[in-house]
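Analysis of the macromolecular model
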Amino acid sequence: MKRRTFIQAVIASTVLVSLSRTAFANDERKSIMIDKIVRSEKEWSDLLTPEQFDVLRNAGTERANSSVLNKEYDKGTYVCAGCALPLFESETKFDSGTGWPSFFQPIEGHTESKRDFKLILPRTEYHCSRCGGHQGHVFNDGPQPTGQRWCNNGVALKFIPA
Ligand SMILES: [Zn+2]
């Protein structure tokens, strides 16, 4: 390997390492605020309905328009169906026309996200910070003020009226 190529390779890998460290540090900082709930697969399957289990624990996707929460617009809070951690306020919900409950902003620090390669295009998956239950995916085609669309499975949420 030529000396210059070697130095370039070293610089590139150093940048990658520091980038992944930064991402990890951010995740860590967020997760420190919330005490984790850890349960076995058996415990979760006893606690959840089969539909909730498929989405929350297996990152499944419910059928579009299957959730009553899709058309819910009363004032209140949407909490994780696995552990009741508040994830979204009703003020941030909007009608995306997709058939899934959609929000432009989650409650800060109560969700964590990771890249998901289940479909060929990478998507950003997000889940509950406390129990790790999968909620949905976030896209950049939402309304202002954030421009984000947090596309959530209704079965993974419970609505608590204000
Ligand atoms: Zn949860």
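To be clear, the structure that these remarks concern was listed above.
Summarised in this report is the structure supplied together with it. (Residues numbered from 1 in each chain as written. Predicted model: local features only at pLDDT ≥ 70, side-chain atom pairs only at ≥ 80, totals over all residues.)

In terms of helices and strands, the chain carries three helices and nine strands. Its helices and strands in sequence order give the chain the pattern α-α-α-β-β-β-β-β-β-β-β-β, from N to C terminus. Buried residues in the chain amount to 26% of all 162 residues. The long-range share in the chain, meaning contacts at least 24 apart out of those at least 6 apart in sequence, stands at 56%. (Helix = DSSP H or I, 4+ residues; strand = E, 2+ residues; numbered from the N terminus. Buried ≥ 20, exposed ≤ 12 C-beta atoms within 10 Å, placed from the backbone. Contact = placed C-beta atoms within 7 Å.)

It is worth spelling out the nonpolar core at this point. Judged by nonpolar contacts, the single largest core of 19 residues is most densely connected at Leu56, Cys80, Ala81, Leu87, Ala156 and Leu157. Sorting the residues of this core by element identifies α3 (50-56), β1 (76-80), β2 (86-89), β6 (123-128) and β8 (149-152) as the ones contributing at least two each. Excluding its chain neighbours within four sequence positions, the residues that come into contact with Cys80 are Leu85, Leu87, Cys128, Arg130, Cys131 and Gly133. (Core = buried A, V, L, I, M, F, W, Y, C linked by C-beta atoms within 7 Å.)

The next point concerns the pairing of β2. As defined by bridge partners, β1 adjoins β2 across three bridges and the pair is classed as antiparallel. The residue bridging Tyr78 from the neighbouring strand is Phe88, located in β2. Where β1 folds back onto β2 in an antiparallel hairpin, the turn is made up of five residues, including Ala84, whose phi is positive at roughly 70°. (Pairing = 2+ DSSP bridges.)

All right, on to the environment of Arg57 then. Tracing the backbone shows Arg57 in the loop between α3 and β1. In this structure the C-alpha to C-alpha distance between Arg57 and His134, which are 77 residues apart in sequence, comes to 6.4 Å. Aside from chain neighbours lying at most four places away, what touches Arg57 is Glu41, Trp44 and Gly133.

On to the sheet that holds β8, then. One open sheet accounts for six strands, arranged β3-β4-β8-β7-β6-β5; its pairing is antiparallel. Among the strands making up the open sheet, the edge pair consists of β3 (93-94) and β5 (111-116). Pairing of β5 with β6 involves six bridges; the strand directions are antiparallel. Across the sheet, residue Asp116 finds its bridge partner in β6, namely Arg123.

To continue, consider the sheet that holds β2. Reading across the sheet, the three strands line up as β2-β1-β9 and stay open at both edges, with antiparallel pairing between neighbours. The sheet terminates laterally at β2 and β9 (157-161), the two strands that pair on one side only. Neighbour-to-neighbour, the strand axes of the sheet open up by a mean angle of 30°, direction not taken into account. Pairing between β1 and β9: five bridges, direction antiparallel. Note on β9: the bridge partner recorded for Cys80 is Leu157. (Axes fitted to C-alpha atoms, helices over the stretch in contact; angles between N-to-C directions.)

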